[in-house]
Amino acid sequence: MITLENLQKSYGKLQVLNNISAQFNTNQVVSIIGPNGSGKTTMIKCLLGMVIPDSGRILVDGAPVIRQWEYRNKIGYMPQISRFPENMKVRQLFQMMRDIRKTTKPLDEELFGMYNIPAMYEKSLGSLSGGNKQKVSAALACLFDPEILVLDEPTAGLDPLSSEILKTKILKEKSKGKLILISSHIMSEIDEVADDIFCLVDGNFRFYQSIESIKDVTQETRLGKAIAKMMAV
Ligand SMILES: Nc1ncnc2c1ncn2[C@@H]1O[C@H](COP(=O)(O)OP(=O)(O)OP(=O)(O)O)[C@@H](O)[C@H]1O
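Please read all numbers here as calculations on a predicted model, not as lab measurements.

**What about unusual backbone geometry?**
Next up, step 1: A positive phi angle, close to 45°, is found at lysine 102, a residue other than glycine.
Next up, step 2: If you trace the backbone, lysine 102 turns up in the loop between α2 (90–101) and α3 (110–114).
Next up, step 3: Note on lysine 102: relative accessible area 69%, which makes it exposed.
Next up, step 4: The residue glutamate 153 is not glycine, and still its phi comes out positive at about 45°.
Next up, step 5: Take glutamate 153: it is sitting in the loop between β7 (148–152) and α5 (160–175).

So this is what it looks like as structure tokens:
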């Protein structure tokens, strides 16, 4: 469903992605992991068209997407840090997104309801707490029932109950056959929701393996320990 072929990206002399290739499929939750600054967000932004790679190809459903835009309608994106217009009210943001999309497909308002977004309607986006901004962002990512969800550290800043709601939602969307990519540092969360782990270190591909096989190879039941062993090799 998403193919990355030999992606290269540098900022000046800093090589942030070095020849990265991968295939991500429907009905799969892939966790993208790696130390801080290893290129996870850059890789995600490349596939969303927010960063243009220096070379390489990105295909979504078999079609090359660099400098295209329509494919983005297939993707729901929750950024690491949401930057909303400060003075816009929550109600206006949701109205604007519905107006822009003009979709006839039924909306997915499950998170919108569970996070009680209407209770925030008259607040300006700039006045929301960090966690409530995350809830707005998660509800928006799911609203148009996209085939692909890309979530960059989605539970950072969410309270435990709200995190559970999001994790349950991720598993529910996977069961509908969607592809979900999640960048995260929280091993317990990855263990709960992901099937496979794609690991980057300093912009280089390190491994792409199922959680089951990672635990098997390292003989560890706890994912955190298993990953630590994989990284030490
Ligand atoms: N616009 C930019 N200009 C210059 N350097 C950048 C830019 N964006 C990212 N970088 C650099 O690219 C490297 C990778 O950053 P990126 O945000 O992709 O890492 P990450 O793996 O998502 O990190 P984290 O786990 O801390 O979120 C970092 O060294 C970062 O400083």
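**Some thoughts on the UniProt feature "domain: ABC transporter" (unreviewed entry) in the protein**
Next up, step 1: UniProt annotation of "domain: ABC transporter" (unreviewed entry) refers to residues 2–227 when read in the numbering used here.
Next up, step 2: Here residues 2–227 is 33% helix and 27% strand, with 25 Å between the C-alpha atoms at its ends.

**Notes on the sheet that holds strand β5 (residues 63–64)**
Next up, step 1: With antiparallel pairing, the 4 strands of this open sheet are ordered in space as β2-β1-β4-β5. Of all strands in the sheet, those with a lone pairing partner are β2 (14–24) and β5, marking the two edges.
Next up, step 2: Where strand β4 (residues 55–60) and β5 come together, 2 bridges link them in antiparallel fashion. Residue pairing across strands places valine 60 opposite alanine 63, the latter belonging to β5.

The rules behind the values
Residues numbered from 1 in each chain as written. Predicted model: local features only at pLDDT ≥ 70, side-chain atom pairs only at ≥ 80, totals over all residues. Heavy atoms only, no water. Helix = DSSP H or I, 4+ residues; strand = E, 2+ residues; numbered from the N terminus. Buried < 20%, exposed > 50% of the residue type's maximum accessible area, 1.4 Å probe, protein only. UniProt positions renumbered as here; feature names shortened; annotations may be inferred. Pairing = 2+ DSSP bridges.

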